[in-house]
Amino acid sequence: MHRTNVFMRVCTARFLQSSITRRIHTSRCLRSDAKDVVARKGHLEFTKSSLYKLCLPLPAQAHSSDGQKATEAQEKSDTIFLLHSAQPLSYITDMIRHESPSSSWSQGFSTPNAVTFHSGPDPSERWCASTGIGDFLRDAAIQGSFKMTVMGQDIHVSVPTFAQRTRFLRESLHRKMTEIERLTKVKDECDAIAKRTAKRFVIMGAGVLATWWLGVGFATFYTNLGWDTMEPITYLTGIGMVYSGYLW
């Protein structure tokens, strides 16, 4: 009976150990698969200079401890490409070929359709390599993402939303609106100063005319000069005011 109990305990321990080992192996596989899935996802960003920044997970070159190049690594590193909307899709293919980690991987680009671009739900439909990047991305923005097939490997690239694509434009608009508000305040201050200055000129002109009218009346009726003397003075003064107004 004692031997039977010991045997059962040993079997149970071996079963638990094998179960734990399988769980660890399964979790490692899942983490590895998750890394592969994440590594095969790229993203697209917009820059302030109206260029597209395309980040793609391409195979990286492994290095040993002595610095010599080893075989192509399974892990992938993000490679950034700066693109212009007027460039064709074949430009991306050329850039990827120049970034190839090994000669064998680079030779694969000699085959037709080594890199294909898909923006629709049908994987059998692909875009022509001569299509402009701007036209392709406008169609891909409707779907929110597009797919690239590089040497038989699918890379899903996310396209920014409308709010993300217009972030720099909205920041520029905000700066311009702030500058316009500041200039509007300066304009209002200048208009207020101009109105006060014009009002002062009107009051001063009215005061000068009133003083001249009173002076002519006083010299005409209350002094010995009389109208015979004041008439040519008023005539010449009126002609002078006309010429002054014309010159003004």
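Residues numbered from 1 in each chain as written. Predicted model: local features only at pLDDT ≥ 70, side-chain atom pairs only at ≥ 80, totals over all residues. Heavy atoms only, no water.

Caption draft 1: How the structure looks around the overall build of the chain. Scanning the chain for helices and strands turns up seven helices and six strands. Across the chain, helices and strands are ordered from the amino to the carboxyl terminus as α-β-β-β-α-α-β-α-β-β-α-α-α. Across the 248 residues in the chain, those meeting the buried criterion constitute 21%. If you take every contact in the chain between residues at least 6 apart in sequence, the share linking residues at least 24 apart comes to 51%. (Helix = DSSP H or I, 4+ residues; strand = E, 2+ residues; numbered from the N terminus. Buried < 20%, exposed > 50% of the residue type's maximum accessible area, 1.4 Å probe, protein only. Contact = heavy atoms within 4.5 Å.)

Caption draft 2: Here's a closer look at the nonpolar core. Among the nonpolar cores identified, the biggest contains 22 residues, and L54, L56, I92, I96, F146, M148 and V157 are the most heavily contacted of them. At the level of elements, β2 (52–63), β3 (69–83), α2 (89–98), β4 (115–118), α4 (133–143), β5 (145–150) and β6 (153–158) are the ones that each hand at least two residues to this core. (Core = buried A, V, L, I, M, F, W, Y, C linked by side-chain atoms within 4.5 Å.)

Caption draft 3: Layout of unusual backbone geometry. Unusually for a residue other than glycine, M151 sits at a positive phi of about 55 degrees. Position of M151 relative to the elements: it lies in the loop between β5 and β6.

Caption draft 4: Inspection of the packing of aromatic side chains at higher detail. By the definition in use, this model includes five aromatic pairs. Look at F136 and F146: their rings are 4.9 Å apart centre to centre, the planes differ by 75 degrees, and that puts the pair in the edge-to-face class. Separated by ten residues along the polypeptide, F136 in helix α4 and F146 in strand β5 bring together distant segments of the chain. Exposure remark for F136: the relative accessible area of 2% places this residue in the buried category. (Phe/Tyr/Trp six-rings, centres within 6.5 Å; stacked < 30°, edge-to-face > 60°.)

Caption draft 5: Quick look at α2. Buried within α2 are the following residues: L89, I92, T93 and I96. The buried residues of α2 occupy one face: seen down the axis, they fall within an arc of 100 degrees. (Arc of directions from axis to C-beta.)

Caption draft 6: Just the packing of helix α6 (residues 167–221) against helix α7 (residues 226–247), in detail. Look at α6 against α7: their axes get within 9 Å of each other, and the N-to-C directions meet at 160 degrees. By the angle between their axes, α6 is roughly antiparallel relative to α7. For the pair α6 and α7, the crossing hand works out as right-handed. Along the contact surface, α6 presents L209, W212, V216, A219 and T220, while α7 presents G226, W227, M230, I233, T234, T237 and M241. (Axes fitted to C-alpha atoms, helices over the stretch in contact; angles between N-to-C directions. Parallel < 35°, antiparallel > 145°, perpendicular 65-115°, else oblique. Left-handed = near helix turned anticlockwise from the far one by under 90°.)

Caption draft 7: The pattern of salt bridges, seen in detail. Considering all chains together, one arrives at six salt bridges under this definition. We note a salt bridge from D135 to R138, for which the minimum N-O separation is 2.2 Å. Of the two residues, D135 and R138 are both situated in helix α4; the distance of three residues between them amounts to about one turn of the helix. By relative accessible area, D135 is classed as partly exposed at 42%. For the salt bridge of E179 with R182, the shortest nitrogen-to-oxygen distance reads 2.5 Å. In this pair, E179 and R182 both sit in helix α6, three residues apart, roughly one turn of the helix. (Salt bridge = Lys/Arg side-chain N within 4 Å of Asp/Glu carboxyl O.)

Caption draft 8: Region of the structure containing the confidence of the model for the chain. Predicted confidence across the chain gives a mean pLDDT of 77, with 71% of residues reaching 70 or more. Predicted confidence for residues 1–39 stays below pLDDT 50, and this span has two contacts to residues more than four positions away or in other chains. Between residues 62–74, whose pLDDT stays under 50, and residues either more than four places distant or in other chains, the model counts 17 contacts. (pLDDT = per-residue confidence, 0-100.)

Caption draft 9: Structural context of α4. Buried within α4 are the following residues: I133, G134, F136, L137 and A140. Buried residues of α4, viewed axially, fall in a sector of 155 degrees; they line one side. Turned more than 90 degrees off the buried face of α4, the exposed positions are R138 and I142. Two residues or fewer after α4 comes G144, characterised by a positive phi angle close to 90 degrees.

Caption draft 10: Expanded view of a nonpolar patch on the surface. Taken together, the side chains of Y235, L236, I239 and Y243 define a hydrophobic patch exposed on the protein surface, amounting to about 480 Å² of accessible area. Mapped onto the fold, Y235 is located in helix α7. For Y235, a relative accessible area of 55% corresponds to the exposed category. (Patch = residues over 30% accessible without salt bridge, like charges linked within 9 Å, V, L, I, M, F, W, Y side chains within 5 Å. Areas by Shrake-Rupley, 256 points an atom, 1.4 Å probe, with all protein chains shown as cover.)

Caption draft 11: Fine view of the environment of L82. Tracing the backbone shows L82 in strand β3. Considering only alpha carbons, one finds L82 and F46, 36 residues apart in sequence, at a separation of 9.6 Å. Setting aside residues up to four positions removed in sequence, L82 forms contacts with Y52, K53, Q87 and Y91.

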